[in-house]
Amino acid sequence: MAEQTSQEAMHNQSYQYMIETIIPSDRRTFVYEFWKTDSVLRDRCEFIAGIYQQYMDNPTLENYFISLLADYMLEGIYFYNGLN
């Protein structure tokens, strides 16, 4: 999990750098806040966040593995499909 966290931090930093160097400042807020206005994206974020919250509220081994699966869903399905 520590390795995944480290890689995710680098991933986030690289996207932030691209957004801040490529997208004009007047459009950045739209990019950062898009999940709030797009119902499909918001529902996906809330679904994944809910799974993470279950682990935080009840840190069992089962919930840990479920949260790992949620992470793979987020990165492997939602993120991938967002680029296509």
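Here the structure is a predicted model, which means the values were calculated and not measured.

Cut-offs and rules
Residues numbered from 1 in each chain as written. Predicted model: local features only at pLDDT ≥ 70, side-chain atom pairs only at ≥ 80, totals over all residues. Heavy atoms only, no water. Helix = DSSP H or I, 4+ residues; strand = E, 2+ residues; numbered from the N terminus. Salt bridge = Lys/Arg side-chain N within 4 Å of Asp/Glu carboxyl O. Buried < 20%, exposed > 50% of the residue type's maximum accessible area, 1.4 Å probe, protein only. Expected span 1.5 Å × (residues − 1). Bend = angle between axes of the 7 residues up to and from the residue. Contact = heavy atoms within 4.5 Å. Axes fitted to C-alpha atoms, helices over the stretch in contact; angles between N-to-C directions. Nonpolar A, V, L, I, M, F, W, Y, C, P; charged D, E, K, R; others polar.

Undergrad: So what about the environment of L68? Which residues, and what values?
TA: The topology assignment puts L68 in helix α4 (residues 61–82). When the C-alpha atoms of L68 and Y52 are compared, they prove to be 8.8 Å apart, with 16 residues separating the residues in sequence.

Undergrad: Quick rundown of the pattern of salt bridges? Include the residues and the values.
TA: A complete count under the given rule lists one salt bridge for this structure. Between K36 and E33 there is a salt bridge whose closest N-O contact spans 2.7 Å. Of this pair, K36 and E33 both sit in helix α2 (residues 25–37), three residues apart, roughly one helical turn. Judged by relative accessible area, K36 falls into the partly exposed class, the value being 45%.

Undergrad: Tell me about α2, and please be specific about residues and values.
TA: Along its 13 residues, α2 runs 19 Å from first to last C-alpha, staying within 8% of the 18 Å computed at 1.5 Å per residue. Maximal helix bending in α2 amounts to about 35°, located at V31.

Undergrad: Account for the side chain of D71, naming residues and giving values.
TA: Tracing the sequence through the fold places D71 in helix α4. Setting aside residues no more than four positions away along its own chain, D71 makes contact with Q4 and Y52.

Undergrad: Describe the packing of helix α1 (residues 2–22) against α2, with residues and values.
TA: Contact geometry of α1 with α2 gives a least axis separation of 9 Å together with a crossing angle of 150°. Counting all contacts with α1, which are made through Q16, I19 and E20, the residues of α2 involved are R28, V31 and Y32. Grouping the constituent residues of the contact of α1 with α2 by class yields three nonpolar, one polar and two charged.

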